[in-house]
Amino acid sequence: MKPARTKTPRKPPVKKGSQTSLKDPVGVYCRVRPLSLPEQECCIEVINNTTVQLHTPEGYRLNRNGDYKETQYSFKQVFGTHTTQKELFDVVANPLVDDLIHGKNGLLFTYGVTGSGKTHTMTGSPGEGGLLPRCLDMLFNSIGSFQAKRYVFKSNDRNSMDIQCEVDALLERQKREATPNPKTPSSKRQVDPEFADMINVQEFCKAEEVDEDSVYGVFVSYIEIYNNYIYDLLEEVPFDPIKPKWNSCSTPMRNTDFVPPQSKLLREDKNHNMYVAGCTEVEVKSTEEAFEVFWRGQKKRRIANTHLNRESSRSHSVFNIKLVQAPLDADGDNVLQEKEQITISQLSLVDLAGSERTNRTKAEGNRLREAGNINQSLMTLRTCMEVLRENQTYGTNKMVPYRDSKLTHLFKNYFDGEGKVRLIVCVNPKAEDYEESLQVMRFAEVTQEVEVARPTDKAICGLTPGRRYRNQARGGPVGDELLVSEVVLQSFPPLPSCEILDINDERTLPRLVEALEKRHHLRQMMIDEFHKQSITFKALLQEFDNAVFNKENYVQGKLNEKEKVISGQKSEIERLEKKNKTLEYKVEILEKTTTIYEEDKRNLQQELETQNQKLQRQFSDKRRLEARLQGMVTETTMKWEKECERRVAAKQLEMQNKLWVKDEKLKQLKAIVIEPKTERPERPSRERDREKATQRSVSPSPGPGDVYKTRGGGQSVQFTEIETLKQESPTGRKRRSSTVAPAQPDGTESEWTDVETRCSVAVEMRAGSQLGPGYQHHAQPKRKKP
């Protein structure tokens, strides 16, 4: 009786923690094919295992006026002309297949110009298999003994898988075998000699640490993207699907038996992954079956003869290898019938059509339109890479134009973090492909700066590991019991011959009875011994059960303690995750703030530079203005110095004249005081005074007074004492005039009356004086006697 089947715990949801935030750059590799002819000019040189250098060809330099420029480009690894397919596979594709077996997705591109060796790299040639057959060979070498029976896994139209029980899978196998379908290859068929050499891989390759408690199923599909339409290369059509009849306009001929292939649509599943709706998925069980399916679709792929390549691919081809794995149940016998436990991983091998210039391919008509669509889709791929790099480098959030092309729309999930992305850049070193190779190198340079989120590891199903082999060990004792029975039978005494030849033979039967009784006796003894041993074994078993029970209790207690610890650790992890999210949010805010501050800093630096330039201009203008003002000040100073000298000289002359006038006044005053007047003096005329003035010489300074030299070179007189002049008549009475003579009609003054009046006129320089106006003698006025 089998123990009750335990329910497998559901897959825990994947928490987006630090692991999903880790990113890896797109792995970009370069492969240089050998030249077709040894005498061809080469424009690409391998510097080392990570660097190539492009040389400008001679003809190109002549056309570009001698412009010679050598450019170096770096890759994750460079494969030279002598690289084998095995060396390329070990470095580029082997890790992708290993990830596929461990539940992770992968995407591998081959990119380059027409005739650069993309198809040879991907598919290979007779005797030298490419990456595709080697991936299939490594996959089936790793999971060959763990594959589920055919139709246990069944694909649906929602980009997911269903699980069938063994009975349903057996019925479907019988049904399919009764109606042979060319879409389902058989492992019993002979390998097509057309591609037998391609899949005959001599080197054995196998993944490490394959989950032995799971069963696996492999499904393949093959599509092409032609003129931005998706076609299923494995879809069966009623009439000649391998070589359909097309007219010169690349449209199907009118034929009642022929149905042209219908393009497929892209859809999004519940996990937001893109897939081709209605695409044929074929379950395969070996490398030969898988490559046979590929070869059947390869014959339908659109190729054409162009000026650059005899068999030029006119479409992008995508070969998908989908690996489905599900765990075994607790008994290790059958597949666990829980859809949530299914893990689906996919490896997409993409052979891109060659980028080319239409003037070199001599394309016309449909070939020209095909080339335009090819270049447009590749340009969209390049634009997506540039926008992704800009968003990751500068922190912007520009929309990536995935939907502009079916190629980029199909694989947008890979660039959003659904698997690893690898790109093999194939180049032809001949000089004629220099410009195309230059564009390819620039695209590779942009692509390897794009980072893709690292995929998460698949969740553990929670069942006990080692279930498969433990079940086989449990089935082992049945054979041991048979062996023990044979040994016990051989220990019994042999039976005598039972053949009776004579009717009177009385010895044969008694010997047989005796032998059987001995055997019975021996058997009874063995049964008794067995009972004794069984009782002893039961006691030991009971003791063992008690020990196990105690051990289980002890373990259960420990488990409870561990669960408490785990619960605490989970709480701590959740707290740390929340804290981590908060810190990430803060870091994001700080990064944005830093970006804003850096922008403000740049603006302020620009403003500061502008202000510095403005200040420098103002300083220069100020210096020019200072120099100009200095000149003006110097010129004005010289001008005013001359003016001051002139004015000082004039002032000196004026002061000298004033001093002379004062001297003359004093002389006249002295003469008036000293000389007695008996007669009434006559008023001197102006002419006579002028004549006397001209005849007089400068007399010495009278009476008390100080003479100082002036700044202008002249002299000034300062009186230090006051002199009072008095005069008395002999009779003791002052002479007075009774009346003042009236003015003469001609304007002259009347005759002077007495000394006092004359002195007053002389000192105060009243009207009529020849000494000039404005000069007064500030002497104390004479007090009148009472």
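See the structure shown above.
On a predicted model such as this, the values are computed, not experimentally measured, just so you know.

Student: Quick question: what am I supposed to make of the pairing of strand 3 (residues 44–48) here?
Tutor: Looking along a regular strand, one sees side chains alternate from face to face of the sheet. Taken together, the 4 bridges between strand 3 and strand 4 (residues 51–54) define a ladder with antiparallel strand orientation. Residue Ile44 lies in a different strand from strand 4, and its bridge partner there is Leu54. As consecutive antiparallel partners, strand 3 and strand 4 are separated by 2 residues.

Student: Sorry if this is basic, but what is going on with the sheet that holds strand 5 (residues 71–74) here?
Tutor: Where strands meet in a sheet, backbone hydrogen bonds hold them as pairs that are either parallel or antiparallel. With respect to topology, 3 strands assemble into an open sheet ordered 3-4-5, the strand pairing being antiparallel. Sheet topology places strand 3 and strand 5 at the edges, where each strand pairs with a single neighbour. Averaged over neighbouring strand pairs, the angle between their axes works out to 30 degrees when direction is ignored. Relative to strand 5, strand 4 is paired through 4 bridges, and the arrangement is antiparallel. Pairing of Gln53 across the sheet is with Gln72, part of strand 5. In the packing of helix 12 (residues 434–447) onto the sheet, the strands contacted are strand 3, strand 4 and strand 5, and the crossing angle to strand 4 comes to about 145 degrees.

Student: Would you mind showing me how to read helix 7 (residues 287–298) here?
Tutor: Note that an α-helix has 3.6 residues per turn; residues three or four places apart therefore point the same way. Relative to the 16 Å expected for 12 residues at 1.5 Å per residue, helix 7 spans 16 Å between its end C-alpha atoms, a close match to the ideal helical length. Counting buried positions along helix 7 yields 9 of 12 residues, so the element is predominantly enclosed. By the burial criterion, the buried members of helix 7 are Thr287, Glu289, Ala290, Phe291, Val293, Phe294, Trp295, Arg296 and Gly297.

Student: I keep staring at a nonpolar patch on the surface and nothing clicks. Help me out?
Tutor: On the surface, Phe537, Leu541 and Phe544 cluster together into a nonpolar patch covering about 330 Å² of accessible area. Tracing the chain through its elements places Phe537 in helix 15 (residues 508–674).

Student: How do you make sense of the packing of aromatic side chains when you look at a structure like this?
Tutor: Two aromatic rings, taken as a pair, are described by how far apart their centres are and by the angle between their planes. Taken as a whole and assessed by the stated rule, the structure comprises 9 aromatic pairs. When the centroid spacing of 4.5 Å and the interplanar angle of 35 degrees are considered together, the rings of Tyr111 and Phe443 count as tilted. Of the two residues, Tyr111 sits in strand 7 (residues 106–112) while Phe443 sits in helix 12, which places them 332 residues apart along the sequence. By way of ring pairs, the aromatic residues Tyr222, Phe291, Phe294, Trp295 and Phe319 are connected into one cluster.

Student: Hey, could you run me through the nonpolar core in this one?
Tutor: A general tendency of soluble globular proteins is for nonpolar side chains to be buried together. Counting residues in hydrophobic clusters, the biggest one holds 53 residues, and the most contacted among them are Phe75, Met385, Phe411 and Met441. In this view, Phe75 contacts Val28, Tyr29, Cys30, Thr50, Val52, Val425, Met441, Ala444 and Gln448; residues no more than four positions away in its chain are not counted. Ranked by size, the runner-up nonpolar core spans 47 residues in total, among them Leu136, Ala207, Leu323 and Leu347.

Student: It is not clear to me how the pattern of salt bridges should be interpreted in this structure. Could you clarify?
Tutor: Pairs may arise between side chains of opposite charge once their charged atoms sit close together. Under the definition given, this model contains 23 salt bridges. Lys592 is the partner of Glu588 in a salt bridge, and the nearest nitrogen-oxygen pair spans 3.7 Å. In this pair, Glu588 and Lys592 both sit in helix 15, 4 residues apart, roughly one turn of the helix. Across the pair Glu654 and Lys658 runs a salt bridge, and its minimum N-O distance is 3.6 Å.

Calculation criteria
- Residues numbered from 1 in each chain as written.
- Predicted model: local features only at pLDDT ≥ 70, side-chain atom pairs only at ≥ 80, totals over all residues.
- Heavy atoms only, no water.
- Pairing = 2+ DSSP bridges.
- Helix = DSSP H or I, 4+ residues; strand = E, 2+ residues; numbered from the N terminus.
- Axes fitted to C-alpha atoms, helices over the stretch in contact; angles between N-to-C directions.
- Contact = heavy atoms within 4.5 Å.
- Expected span 1.5 Å × (residues − 1).
- Buried < 20%, exposed > 50% of the residue type's maximum accessible area, 1.4 Å probe, protein only.
- Patch = residues over 30% accessible without salt bridge, like charges linked within 9 Å, V, L, I, M, F, W, Y side chains within 5 Å.
- Areas by Shrake-Rupley, 256 points an atom, 1.4 Å probe, with all protein chains shown as cover.
- Salt bridge = Lys/Arg side-chain N within 4 Å of Asp/Glu carboxyl O.
- Phe/Tyr/Trp six-rings, centres within 6.5 Å; stacked < 30°, edge-to-face > 60°.
- Core = buried A, V, L, I, M, F, W, Y, C linked by side-chain atoms within 4.5 Å.

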